[in-house]
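# Architecture and fold: a report
Chain residues, written in single-letter form:
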Amino acid sequence: MPTNESLQYLIKLVKRYQLGKANKAEKALIEDRYQQMELEKNITDQLSKESVAEIENKLLQKINFEIAAIESTATKVITLKTNWYYRVSAAAAALLLIFCGWYYYSQFNTIPKQSLVQNSSKTDILPGKTKATLTLDDGKKIVLDDGQIGMLAKQGTTIIDNLGGKLNYKGGASDAIRFNTLTTQKGEQYAITLNDGTEVFLDASSSIRYPVVFNGSEREVAINGRAYFHVASDKTKPFFVVKGDKKVRVYGTQFNVSAYDNEPSMKVTLIEGSVKVMNGNTEGMLLPSQQAVMSKNSSVISIVDNVDLEQCIAWKNGVIAIHHAEVNEILLEMERWYDIDIEIVGKLPKRDLYFDVSRKAKLSELLHILEIYHIKYSLDAVKRKLIVNS
């Protein structure tokens with residue numbers, strides 16, 4: 001049964017279609033569903049006229065309000081559209097009524113005859129949570145969560161506090177060199193404020209190794225996985241983020257790093273300020289809205305202009321954003337955030353995916369979107385295993 005997240009996605013899809021911004025996959029989806037509407041009309045026929053009217057008024061008011069907001073700021077472009085386009089565009093809103101009927105009146109929910117879910121468990125899988133493991137300099141491990149508040153440990157004269165899901169290091173300016181490591185497993189995320197005031201947000205399946213106090217002439221941390229940095233400015237001590245032979249030199253700025261071992265490249269996306277990226281003997285400077293893609297197997301650095309910043313940092317803002325991406329990208333997000341194993345049977349289908357979903361949503365929300373894009377799968381929630389079929 002579609003839930004509120006699914007309805008939000010469908011509303012966005014209809015808006016994109018009506019404004020002529022839908023990509024080929026999205027157009028095909030709307031037009032395909034339009035052709036099937038008569039087959040599904042029996043769902044809304046089961047509702048009373050009063051119920052249908054109530055659903056229609058609520059939903060169409062929301063659609064019209066959001067479309068009007070976009071149109072009021074958008075530049076008008078004259079395009080030629082066939083009668084087919086206008087019929088489908090109008091029918092798209094009606095299509096949402098069918099989904100809305102499922103949402104508000106679950107007693108009429110039935111398994112579609114053409115369901116793409118095969119042997120799916122009834123048990124859903126919850127999203128990730130605020131959790132991590134802190135490894136101190138002496139090897140002691142402390143499991144962290146957002147329920148802990150107060151002092152966790154002391155390293156020399158440095159006090160480590162846990163402030164409900166965020167580590168904070170303070171004091172200890174003259175301490176001896178000690179290193180701590182913050183690690184997240186699949187389905188975990190955490191934040192930390194380093195001794196210099198630098199803030200780091202750590203995503204699932206990631207780690208960061210850092211000195212308890214930055215005593216030398218440089219500030220350097222080692223990263224694996226994905227992290228968002230808001231580096232405290234200190235012109236006397238440059239800040240470096242290191243992953244193997246790849247480095248990012250920071251000049252007081254905000255940026256996102258994606259450096260997972262199971263991905264072919266390391267990506268650095270600059271939000272504001274400036275950074276220098278170094279891949280072996282190759283160097284390059286980034287400006288805001290640029291992304292450096294550094295190959296793992298060579299010293300090549302590719303600079304991409306005008307990247308989708310909303311998508312790049314959506315995870316840090318509590319959103320799974322998939323914008324013009326292929327199926328493997330959403331599968332990686334699902335695997336890491338929902339702590340599941342994924343098996344791919346055959347070759348992944350080619351799709352141009354575009355959607356946003358809250359990271360608070362259950363796994364079923366994303367699986368429903370896979371269904372909308374005609375991607376076949378089966379889920380064993382007990383074993384936490386998702387099988388995707390070609």
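Below: a short report on this structure.

The rules behind the values
Along each chain, residues carry numbers from 1 onward, in the same order as the chain's sequence is written. Note on the predicted model: pLDDT of at least 70 is required for a residue's local features to be given, and 80 or more for side-chain atom pairs to be given and counted; whole-chain, interface and lining totals, by contrast, use all residues. Heavy atoms throughout the structure, all of them, feed into the side-chain values; hydrogens and water do not. What counts as a salt bridge is simple: a side-chain nitrogen of Lys or Arg found within 4 Å of a carboxyl oxygen of Asp or Glu. Counting from the N terminus, the helices are the DSSP runs of H or I reaching at least four residues and the strands are the DSSP runs of E reaching at least two. For every residue, the accessible area obtained with a 1.4 Å probe (protein chains only) is divided by the maximum for its type, and the residue is called buried under 20%, exposed over 50%, and partly exposed between those limits. Between any two strands, at least two bridges found by DSSP are needed for them to pair. Contacts are residue-level and defined by heavy atoms, with any inter-residue pair within 4.5 Å sufficient.

A complete count under the given rule lists 14 salt bridges for this structure. Its salt-bridge partner being Glu263, residue Arg336 comes within 3.1 Å of it at the nearest N-O pair. Here Glu263 lies in the loop between strand E13 (254-259) and strand E14 (265-272) and Arg336 lies in helix H7 (residues 327-337), a separation of 73 residues in the sequence. The pair Arg336 / Glu263 is uniform in exposure class, with both members buried. Within this structure, Asp203, Arg226, Glu333 and Arg359 form a network of salt bridges that share partners.

Time to look at the pairing of strand E15 (residues 275-279). Of all the five residues making up E15, four are buried; the element is thus mostly covered by neighbouring parts of the structure. The pairing of E15 with strand E16 (residues 282-286) spans five bridges and is antiparallel. Residue pairing in the sheet places Lys276 in a bridge with Met285 of E16. Adjacent in sequence and paired antiparallel, E15 and E16 are bridged by two residues, among which Gly280 carries a positive phi angle near 65°.

With respect to the helices, strands and loops of the structure, Ile387 is situated in strand E23 (residues 385-389). The exposure class assigned to Ile387 is partly exposed, which follows from its relative accessible area of 24%. It is 4.8 Å that separates the C-alpha atoms of Ile387 and Glu343, two residues lying 44 residues apart in sequence. For Ile387, the contacting residues outside a window of four places in its chain are Glu343, Val345, Lys376, Tyr377 and Ser378.

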